[in-house]
Each structure stands twice: as C-alpha cells, then as structure tokens.
Amino acid sequence: MTSATAEKKKGRPASPVDEGHGEVEQKLITVYIMGKAYEVPADATIMGAIEYAGHQIIRGAGCREGYCGACATLYRLPGDYKIRTGLACMTMVEEGMTLAQIPSVPAEKAIYDIEQLKPNVTAIQQMYPTVFRCVACGTCTKSCPQGLQVMDYVQAAKRGDIAAVMDLSFDCVVCGLCMLRCPAEITQPLMGIMAKRLYGRYLRKDSPELAERVKAVEDGAYDAEYAELMAMGREALSKRYYARDSE
Amino acid sequence: MYPDYMEESLRKVVESRPKRLELARKSDPVYPLMNAEERRAVLEGFHPDFEPSARRNVCVGPNKGESLTTEVADLLESHSWLRSEQVDLDKPDFETDLLIIGGGGAGCNAALVAMKEHGMRSIIATKLRMGDANTMMSQGGMQAAVSRTDSPTRHYLDAIGGGHFENKPELVRALTEDGPGVVKWLEDLGVCWDKEEDGALKTMHGGGTSRKRMLSCRDYTGAMIMRTLMDEVRNHPDMIDVKEFMPAVELIMDSNGRCAGAILYNMDSEEFFVVKAKSTLIATGGYGRLHIRGYDTTNHYGATGDGLVMAYRAGAKLMYMDSVQYHPTGVSFPEQIAGFLVTEAIRGAGGQPLNKDGELFVFPREPRDIEASAIIRECVQNGNGIPTPSGRVGVWLDSPLIDMLHGEGYTEKHFPAMYRQFIRYGIDITKLPMLIYPSLHYQNGGIEINERCETDIPGLYVAGEASGGLHGRNRLMGNSVLDYNVFGRRAGKYASEYAKTVKLGKLSVAHLDAYEKQLADANVQTDLVTPILLPSYAPKDVKKRQLVRGGNALPGSSVVLNRLHDDMFSPAAGAK
C-alpha cells in the first residue's frame, strides 16, 4: 500500500472502493532503504515505499508533489555502477533498488542587499564566485530531477547573462542534488535564486498601469465605492453580483 | 498511459473537440452559468460539506455548541502535549519582539515588514524547513486588480459573491485594496511575474472572476514567491532568527490574558523550549493532511491544523470552521499522483471538464465549491464519470484545447510543472486530457481576525490560511496567494506596533489545565494528542506494532500519528 492507496483506502464518497483491509492483490518487490531490505508495492513511489516500510519521515518530505525539493534521493540499481538521482515523491521504486534520502545539503547562501547589486557578471563574481570553477563536465545537468539544463545556466552566469539564468533555472526546486554532485563545488540553485531576483528587480519592464493603480489606491480613488459596497445588504449585493458583466 | 478500456471515452473527447473549440473561441460562455438557485441546489445536493456526518457540535472551547467539520471537532476535543506543571516559564530560553509560528508566505512577509518598516526582531519557528508550506505549491496565480479594465472594488464584488456574501467585508476590502501594492512589493523583491512585451502584467481568468485578474510566474507562482521571500529573510540573520524543525506546540499567556509567546518542540532532540515574545503571529496554514471525509489532498505534508488547536485552547474564536474547500481538479489517474493539484489556470486558459461521453456539463470556471459539486454530481448522480483501475472515478479535463487556442508550445511554456507531472507517466497533456476529481484543498475558515490580523486575544495575530472570515465559506482561486501576502504584511505591521508598547506580566500556561478540565467536564473520551504535527502513512499492521510512549501523555512526534481516520483510535467514537 503506497501512501496514495493508503489515502484511497479511507474511501471517497464517489468511489466504489472496497473498504476491506487492503487484501487487494499487490505485487511486492524488494528495495534497500539505507541498506536494509523491505518488501514494498511495485507501483509505489520511493516516498510511498519508505512510508509503507513504517518510517515516519521528518526530513525528506515536503509538498509531496514535486515543487519543494525536500525529498532529494540517491539510488543505484542492481548491476549498474551509476549513481542515480530523483525526488522521492516523483520516482518509482524498482526491483533491487538501493536508496538513501538526503536530509539536507550543506550550502552557504550569500548574504546581499539586492538594492546594492546590479544584474551583471559582477554580482555573480562577488556573491557566488565558485561559479567560475565550472569545468563544464555536465554532472549537474545529468543529476537534475527536473531535467533542467543546469550546466547551461552556470555557463550563462559566467557570461553575466542574467536573463538566461532566470529562464533556464526557473523550474528549479532547490533539491540540492546538482550541488551535491558537482566536482567544482558550485551551489547552482542558490545562484539561480539570486539571478531570478535580479531579473525580476531590474531587467523586467515596469508595468505603467500597475504604478497608476497603486497610486489610485493610495489616493483613495476607490473609497467611495468601497463604502457603498460595504454598506449594502446581502440581497442588494447579490443582485449587483449576478448582474455584473464579465470579460 | 491510460488503460485500454478508456479508449472509447477518449475517442468521444476527440470527436467533440472541434465543436467545443469553436465555442471556446467565441466570447460567450461555453456552457450556461448557474444562477443563485442552481448554485444552491448543486451545493446542497453534492458538496461533501452537506453530507449528514460532515459536521458535528463541538463540546468545549470558545465555539462550544457550534456545528463544525467533524474532523475539526475531533481535532479540538483533544489533549495537549503538556500540563502546566511540566513547563518552567521562569527562565525563557529565547526572547524576541515577534514570534512568528510558521515559515510559509505569511510568516516570511510578516518578518520582513516587521524588520524593514518597524525595526523589530523576530523569530520564525517552523515545523519543517522554512518554505515548507502550501505557499510553495500554489501553481496558477495570484489575483490582484491591476489591469485597466479592472478595479479593486470589482475584485471585492467577485470575492464576496464567490464566498456567498458571508465574507467579513473589512477583510475583503483589505485584501482587494492592498492587492496592487503587493504586486509591486513582490516585484521589487525580485519576483518574476509573467509579463507582456510592453511590461504589462499578464492576466488570466480564474473561477468566479469577472475580469482577467490572475497574475502568474508560469505554473511555479507560489514557488517563485516563496523562494524570493525566503532568500530575503535569510539576508537578515541578525534580525530574523529562523528555527527550523521547531514547531510551536502551545501558546504562552501572561497574567493579564495576553499572548506572550509559545513553547517550541525540537523535532530532532525532542526538547521543549520556552519563547517569550511581545507579540505572536500564527501563520501555520491549513489542515489538508487531516484528510477530511477521507479525501485525498493537494496539501503540504505539514498541513495538520496546528495553529487552530493551539489558539483555540488559549481562547481564540474560530469562524466558518464548518466549511471545507475541495479543489475541483485533483488528479484521479495515475494512482501515484492521485489527489495532486491540477491548477485552475488550466481552465483559465481554456481547458474544459467533460464527462465520459466527451460532453460539457458545467461552465469551466464556476467558483470552486460549485464547480467541484457539479463534477461530483456528474459522477455520482448521473453516472457519467470514468472509473479508474484502482476504483476511483473522474471526469476528463480537456487540456489539448489550450495549445489549439493559444498556439503550439503554449502549454509546455506556461504549465511546465503540469506537463512534467503527467509526462512521467506517459501522458502528454498537450495531446491527451487529464482525468480529474475534486481533492481536499483549503481551509475556508479559521481563527477569526479583523483587518489588523487581531484575534480575541491581545498580542495574538493570525494571517494566511489559518485565519477565518476573509473568504466566507468559499475562496476563489488566486485569493489565497494574495491573502498570505496582504495579511502577512499587515500582521507584521500591527504586531510590531503592538510590540512597541506592550508590557508583559507573569507567564502562564494555566489555560492548558483549564482546557483539560473542560474536556473532563464534557466527558470527552479521546486519546488524541495535538497538535498532530505530521500525518502517518504507515500501513495499519505497522501501526499496531509501533511504539506508543507513556500512554501518549507526552508523545514524541513519531507516535503522534494521524489517528483521525484510524478505526482503532477514532476519537469520534468516544467523544460526545
């Protein structure tokens, strides 16, 4: 029973699920969680398998949907020398898999005042100088569970191309696997966050209508209409609501 | 890939697509909108809140006698981890201006405003890592009235109508009026909003919006906002002390009935720590991991309603805790991602919900409770759902329409997370529809606040999903992202102003003993100890073998399992 089926077993009103005790036919396979063998469902995610084994995860689970990067996992498959990487919530178990979650990846975030930086190569040099140690081996890209072109954004950072770093690192979930595998000890995700912030702060065109709207609110342009709406009874408000036009 | 038996239904979707595409290209709604009477009928008939066992009266605390969501009543009628004699309050381990409980969007906003605008120090105490919050997971966007055809007052009308006119008006005003300012605040911090070539913010529709008002950062909106806020918090270690894996387990009061901090629990060393704070903010988020009515949830691992029960024991009143939000589109298949969120922006961009015959049965962008109820009706009453191999059911969400409407490549560019989620299982959402069913998504109610984020208890502030009143009994898409930004910022401001003048009296946790007495007087029989902190997904046979320490009088987190749905331990069975 994976966590997903565990939840299912609690039943949902609309599903004709058998509310028995889970004696549904289930194919089990053997995986090695931190070296110890467990029988787990063949269709489980790594996270589901760890919980099926009875572990209460404290470090190593977060959003459980592939956004937060809490569940970085290293694993190997039988007869294969390669170290593989994945998010435990997104990766399926395989027969004979041996795995360990990474509870935390040590890394030092640069402390900076964004108002004092410029969106150029100098910011990268000052805040994340290790970027320039990149030997272009591509291990970071190979290790990315999101399938991002990590090495390409490191190269872009070396050129000071902040827009490219933003674009290529946009979907980074900061699981830390790239920086764990990097032989040059670069902290790619942290640099990526700084680059995105620099892009958002400096390289994006301002929205003129936003500035106008903020000013209008400050000037009290909507005060009278708010007062009118807030004084309306439920019926009048309902009438106004259902009569409103739509874009 | 979808199983073979779904082929015929998929073929019908393809067949009806050209006609539906034509409808989508017109400016009229693709399906008639429901009027007030139709909305009421579908809600009362099919919304899970209206099932007979969905609610029960709570028998202790500030809302005593009020009908609440059953699982919430169970949560509130529970024992504390602590009794007053177990805690030494004379020598606090930490002192600070603001104690912020919860390191999500609301908490980080509050800490930044407290520091930048009021020079106040804060401690952020969070259960898991900073940013481990539902904030991180919001995909589709944030509402804010920024376009020229829109206005904050129109946003007000949409929000209050979506909430069935039960929202607290002053909160809706604060939300909608602060919206544009929040967009600017976040952009100045470096959030990369999706923009047009000329710099105008891209806007989309969400359910219940009468103007395109949804701002986005691809479909990583929450992740972008959260990582930016966290990064900025970490730029100020001298002013903001972040304590991770240190959840609060109870509030501390003073001799004058003010909130004066909290007791934290270190998840690693299993120690308790006393924090004395001039003001305290609960920003602990919601309760999806209680799996209300057995539903799958879109929520974060830590969404166990901790703040609710702590505040309730201390005497804060809850509002609209009888109302649960089920997101219309949770994943129904593949099984491994069942319950996961499919962003409402998919429908905002033109995706259509379809029954097994490939037919529309509801306007795609009704407010969430209406849309979810209509999907449940289509499956349960009309029998027009598509069963999955594991016994779930779902309807199609026709995503290939999106590229047809906006051009090839649009889906992959604007919904990379969604695309990635499904392609892992061999389903290309630009070519095949998704199979969806409502999933437990949001705590509509919470601890009642005013527009200053104040509660019944002086010195106790609440912001974000933990609070109640803003959304009435139904929140619209994109208003929670705005909520935690607007009210997180407001909490930072008002809690700072209060902290500048307050003089605390003697610290006390006598309220825990008083609450325990209320439980005994009401003859509540339960072994549930809360806050729950983390749900357990261990199989039943494993749970039976697991260690239970000291009869649960002082449990470690590893034994405070989610027993709400475990027959063996069901508190509902014993409680009155």
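Because the structure is predicted, anything quoted here is derived from the model rather than measured. (Residues numbered from 1 in each chain as written. Chains lettered and ligands numbered in written order. Predicted model: local features only at pLDDT ≥ 70, side-chain atom pairs only at ≥ 80, totals over all residues.)

Asker: Could you clarify how one ought to interpret the overall build of chain A in this entry?
Answerer: A count of helices and strands for chain A gives eleven helices and five strands. For the C-alpha atoms alone, the extent of chain A along its principal axes is close to 70 × 60 × 30 Å. In chain A, buried positions account for 43% of the 247 residues. If you take every contact in chain A between residues at least 6 apart in sequence, the share linking residues at least 24 apart comes to 61%. (Helix = DSSP H or I, 4+ residues; strand = E, 2+ residues; numbered from the N terminus. Buried ≥ 20, exposed ≤ 12 C-beta atoms within 10 Å, placed from the backbone. Contact = placed C-beta atoms within 7 Å.)

Asker: I tried to follow the overall build of chain B on my own but got confused; where do I start?
Answerer: Secondary structure assignment for chain B yields 17 helices and 22 strands. For chain B, the C-alpha atoms occupy an extent of roughly 75 × 55 × 40 Å along the three principal directions. By residue count, 64% of the 576 residues in chain B fall in the buried class. In chain B, 76% of the contacts between residues at least 6 apart in sequence involve partners at least 24 apart.

Asker: Could you clarify how one ought to interpret the domain arrangement of chain A in this entry?
Answerer: Frequently, the measure chosen for interface size is the accessible area that the parts lose on association. Residues and elements named next belong to chain A. Split by domain assignment, chain A resolves into domain 1 (25-101) and domain 2 (114-203). With nine residues of domain 1 in contact, the opposing surface of domain 2 contributes seven residues. A per-element tally of the side of domain 1 that touches domain 2 places strand β4 (residues 84-87) first, with three residues. Tallied by class, residues from the side of domain 1 that touches domain 2 come to five nonpolar, four polar and no charged. (Domains from an automatic or database assignment. Nonpolar A, V, L, I, M, F, W, Y, C, P; charged D, E, K, R; others polar.)

Asker: Whenever I open this one, the nonpolar core confuses me. Can you help?
Answerer: Generally speaking, a soluble globular protein has its nonpolar side chains buried in company with each other. Residues and elements named next belong to chain B. Counting residues in hydrophobic clusters, the biggest one holds 236 residues, and the most contacted among them are Ile-100, Ala-110, Ala-111, Leu-281, Ala-311, Ala-463 and Ala-491. Examining the composition of this core, we find that nine residues originate from one element, helix α14 (residues 479-501), more than from any other. Among all residues touching Ala-111, those that are not within four sequence positions of it are Ile-100, Ser-122, Ile-124, Val-233, Ile-240 and Gly-492. (Core = buried A, V, L, I, M, F, W, Y, C linked by C-beta atoms within 7 Å.)

Asker: Before we go on, may I ask you to explain the domain arrangement of chain B in this structure?
Answerer: All names here are of chain B. When its domains are assigned, chain B resolves into domain 1 (4-50 + 327-439) and domain 2 (84-323 + 444-507). Placing the centre of domain 1 and that of domain 2 at their C-alpha centroids yields a distance of 31 Å. In this complex, domain 1 contributes 25 residues to the contact, which on the side of domain 2 involves 25 residues. Secondary structure elements with two or more residues in the side of domain 1 that touches domain 2: β13 (324-333), α9 (345-348), α10 (368-380) and α13 (416-423). Here the side of domain 1 that touches domain 2 is composed, by residue class, of eleven nonpolar, seven polar and seven charged.

Asker: It is not clear to me how helix α5 (residues 152-162) of chain B should be interpreted in this structure. Could you clarify?
Answerer: The periodicity of an α-helix, 3.6 residues per turn, causes residues three or four positions apart to be oriented the same way. Burial of α5 of chain B is extensive: eleven of the eleven residues sit out of reach of the surface. The inward-facing, buried residues of α5 of chain B contact α9 (208-218), α10 (223-231) and α11 (234-243) of chain A together with β6 (142-143), α6 (169-189) and α14 of chain B. Backbone geometry just after α5 of chain B places His-164 of chain B at a positive phi near 60°.

Asker: Teacher, can you tell me more about unusual backbone geometry here?
Answerer: Leaving glycine aside, a negative phi is the common case for residues, and trans is the common case for peptide bonds. The peptide bond linking Phe-333 of chain B to Pro-334 of chain B adopts the cis configuration, its omega dihedral lying at 0°. The topology assignment puts Pro-334 of chain B in the loop between β13 and α9. Cis geometry is found at the peptide bond from Thr-530 of chain B to Pro-531 of chain B, where omega equals 5°. With respect to the element layout, Pro-531 of chain B can be found in the loop between β22 (529-530) and α16 (540-545). A positive phi angle is found at Glu-185 of chain A, which is not glycine, with a value near 60°. Mapping Glu-185 of chain A onto the fold places it in the loop between α7 (177-181) and α8 (188-203). Among the residues examined, Glu-185 of chain A registers 10 C-beta atoms within 10 Å and is labelled exposed. The phi angle at Cys-453 of chain B is positive, at roughly 65°, despite the residue not being glycine. When you line up the elements, Cys-453 of chain B lands in the loop between β18 (446-448) and β19 (460-462). Overall, Cys-453 of chain B belongs to the buried group, with 30 C-beta atoms counted inside 10 Å.

Asker: Would you mind going over α14 of chain B with me for this structure?
Answerer: Here α14 of chain B spans 33 Å end to end across 23 residues, near enough to the 33 Å set by a 1.5 Å rise per residue. Along α14 of chain B, 18 of the 23 residues are buried, which leaves the element largely enclosed by surrounding structure. (Expected span 1.5 Å × (residues − 1).)

Asker: Is there a simple way to think about the sheet that holds strand β5 (residues 98-101) of chain A in this case?
Answerer: Strands pair in a sheet through their backbones, by hydrogen bonds, and they do so in one of two ways: parallel or antiparallel. All names here are of chain A. The mixed open sheet is built from five strands, whose spatial order is β2-β1-β5-β3-β4. Across the chains shown, the open sheet's two edge strands, defined by having one partner strand only, are β2 (36-41) and β4. Across this sheet, the average inter-strand angle for adjacent strands is 35°, counted without regard to direction. Here six bridges tie strand β1 (residues 28-33) to β2, and the two strands are oriented antiparallel to one another. Within the sheet, the bridge partner assigned to Tyr-32 lies in β2 and is Ala-37. (Pairing = 2+ DSSP bridges. Axes fitted to C-alpha atoms, helices over the stretch in contact; angles between N-to-C directions.)

Asker: Looking at this model, I keep getting lost on the packing of α5 of chain B against α6 of chain B. Mind explaining?
Answerer: Two measures define how a pair of helices packs: the angle their axes make with one another and the distance between the axes. Residues and elements named next belong to chain B. At a closest axis distance of 9 Å, the pairing of α5 and α6 adopts a crossing angle of 140°. In this view, α5 runs oblique relative to α6, as classed from their interaxial angle. Both α5 and α6 take part in a crossing whose hand is right-handed. Across from Pro-152, His-155, Tyr-156, Ala-159 and Ile-160 in α5, the residues of α6 making contact are Val-172, Arg-173, Leu-175, Thr-176, Glu-177 and Gly-179. Taken together, the residues of the contact of α5 with α6 sort by class into six nonpolar, three polar and two charged. (Parallel < 35°, antiparallel > 145°, perpendicular 65-115°, else oblique. Left-handed = near helix turned anticlockwise from the far one by under 90°.)

Asker: Even after reading the chapter, I still don't get the sheet that holds strand β20 (residues 467-468) of chain B, so can you show me in this structure?
Answerer: Residues and elements named next belong to chain B. Across the sheet, which stays open at both edges, the three strands sit in the order β12-β18-β20 with mixed pairing between neighbours. In the strand order of this sheet, the two ends are held by β12 (318-319) and β20, each with one partner. Strands β12 and β18 of the sheet are contacted by helix α8 (residues 306-314), whose axis makes an angle of about 40° with β18.

Asker: Looking at this structure, how should I read the interface of chain B and chain A?
Answerer: Contact residues are listed per partner, giving 84 residues for chain B and 71 residues for chain A. Of all elements in the fold, only α5, α6, α7 (221-234), α10 and α13 of chain B reach the threshold of two or more residues within the side of chain B that touches chain A. Here the side of chain B that touches chain A gets ten residues from one element, more than from any other, and that element is α6 of chain B. Considering only residue class, the side of chain B that touches chain A consists of 38 nonpolar, 24 polar and 22 charged.

Asker: What's the story with the environment of Gly-66 of chain A in this structure? I'm lost.
Answerer: Tracing the chain through its elements places Gly-66 of chain A in the loop between α2 (46-52) and β3 (72-76). Taking the C-alpha atoms as reference, Gly-66 of chain A lies 7.1 Å from Leu-87 of chain A; in sequence the two are 21 residues apart. Discounting chain neighbours no more than four positions away, the residues touching Gly-66 of chain A are Leu-87, Cys-89, Met-90 and Val-173 of chain A together with Ala-417 and Gln-421 of chain B.

Asker: When you look at the confidence of the model for chain B in this model, what are you seeing that I'm missing?
Answerer: Caution applies to low-pLDDT parts of the model: their predicted coordinates are not meant to be read in detail. Residue and element names in this part refer to chain B. With 95% of its residues at a pLDDT of at least 70, chain B reaches an overall mean of 93. The model gives residues 550-576 a pLDDT under 50, and that stretch makes 51 contacts with residues more than four places away or in other chains. We note a pTM of 0.93 for the whole complex and an ipTM of 0.92 for its interfaces. (pLDDT = per-residue confidence, 0-100.)

Asker: Explanation requested: the pairing of strand β10 (residues 259-265) of chain B in the structure shown.
Answerer: Regular strands place their side chains on alternate faces of the sheet. Residue and element names in this part refer to chain B. β10 sits mainly inside the fold: seven of its seven residues count as buried. By the bridge criterion, four bridges tie strand β9 (residues 248-254) to β10 in an arrangement that is antiparallel. Pairing of Glu-250 across the sheet is with Ile-263, part of β10. Taken together, β9 and the strand that follows it, β10, pair antiparallel across an intervening segment of four residues, in which Gly-257 is found at a positive phi of about 80°. Between β10 and strand β11 (residues 272-282), which pair antiparallel in sequence order, lie six residues; one of them, Glu-270, sits at a positive phi of approximately 60°.

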